[in-house]
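Here's the letter readout for the chains.
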Amino acid sequence: SLAKYPLSTGAEFKFGIIDGGFNGLEAWLDENPKWKEKVTYINLRSEGRTSDGTHGFKVFQVATKVMPLADFVLVEIESKNDQIGDILEVLRKKGVYFASMSLGSRTYMAGHDPSETWENLKLLNKYQITLIKSAGNYRRSSHFFEYRDEDGDNRLEFAPKPPEKETLVEYNKVLFAKNRRPAFNLSWGSE
């Protein structure tokens, strides 16, 4: 677990967590009042509804151990592709340059059509936000496989073969904010 290795973020670092449910957050903040000033919760669900889901809250709890000095902007959303621009705009206005999105929907930031991916990457570039997109929610069905070169172009595919007439996913593009020092910390379990 990365929680064993805290990141040195500094006291003014803001990290965004985008998820579909933060149920449990309010009670946790009541039990941990020192965090109340360090956490901003924003609900982008239609009509202000909330979810009973706890996934985002659990991600937040781990993040507080990994980045104990950081401030957090938690954004609760619905799983709709057309919401990404609104999400990034809100994060940018709150001063967030780095955020995680670990929703259960495999199509949220990418989908099967590469044009969707490029449009979303353009938005990330526009707002200068580095988005960490986790595929862990679908580890058994989306990336638990042997790497292979299905189309014979000497590049390994990072995803199983998509439906007919779709493009294979052969690369991950990473965008960085200008004049900021990039750093990667990758880890995985034994499975």
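Since the model is a prediction, treat every value here as computed from it, not as a measurement.

About the cut-offs
- Residues numbered from 1 in each chain as written.
- Predicted model: local features only at pLDDT ≥ 70, side-chain atom pairs only at ≥ 80, totals over all residues.
- Heavy atoms only, no water.
- pLDDT = per-residue confidence, 0-100.
- Helix = DSSP H or I, 4+ residues; strand = E, 2+ residues; numbered from the N terminus.
- Contact = heavy atoms within 4.5 Å.
- Pairing = 2+ DSSP bridges.
- Axes fitted to C-alpha atoms, helices over the stretch in contact; angles between N-to-C directions.
- Core = buried A, V, L, I, M, F, W, Y, C linked by side-chain atoms within 4.5 Å.
- Buried < 20%, exposed > 50% of the residue type's maximum accessible area, 1.4 Å probe, protein only.

1. Let's talk about the confidence of the model for the protein
Phase 1 of the analysis: Looking at the protein, the pLDDT average stands at 76 and 60% of residues meet or exceed 70.
Phase 2 of the analysis: Of all the helices and strands in the protein, helix H5 (residues 139-142) carries the lowest mean pLDDT, 46, while helix H1 (residues 25-31) carries the highest, 97.
Phase 3 of the analysis: Segment residues 138-145 is flagged for pLDDT under 50; beyond a separation of four residues in sequence, or across chains, it makes 19 contacts in the model.

2. Re the sheet that holds strand E3 (residues 71-76)
Phase 1 of the analysis: One open sheet holds the five strands; their spatial order is E2-E3-E1-E4-E5, and the pairing between them is parallel. Pairing within the sheet leaves two strands with one partner each, and these edge strands are strand E2 (39-43) and strand E5 (130-133). When the angles between neighbouring strand axes are averaged without regard to direction, this sheet yields 20°.
Phase 2 of the analysis: Across the face of the sheet, helix H2 (residues 55-66) comes into contact with strand E1 (14-19), E2, E3 and strand E4 (98-101) while running at roughly 155° to E1.

3. Thoughts on the nonpolar core
Phase 1 of the analysis: Counting 18 residues, the largest nonpolar core has Ile-18, Ile-87 and Leu-91 as the members making the most contacts within it.
Phase 2 of the analysis: No other element matches helix H3 (residues 84-93), which puts five residues into this core.
Phase 3 of the analysis: With near-sequence residues (within four places) excluded, Leu-91 lies in contact with Gly-16, Ile-18, Val-73, Val-75, Val-96, Ala-99 and Ile-129.

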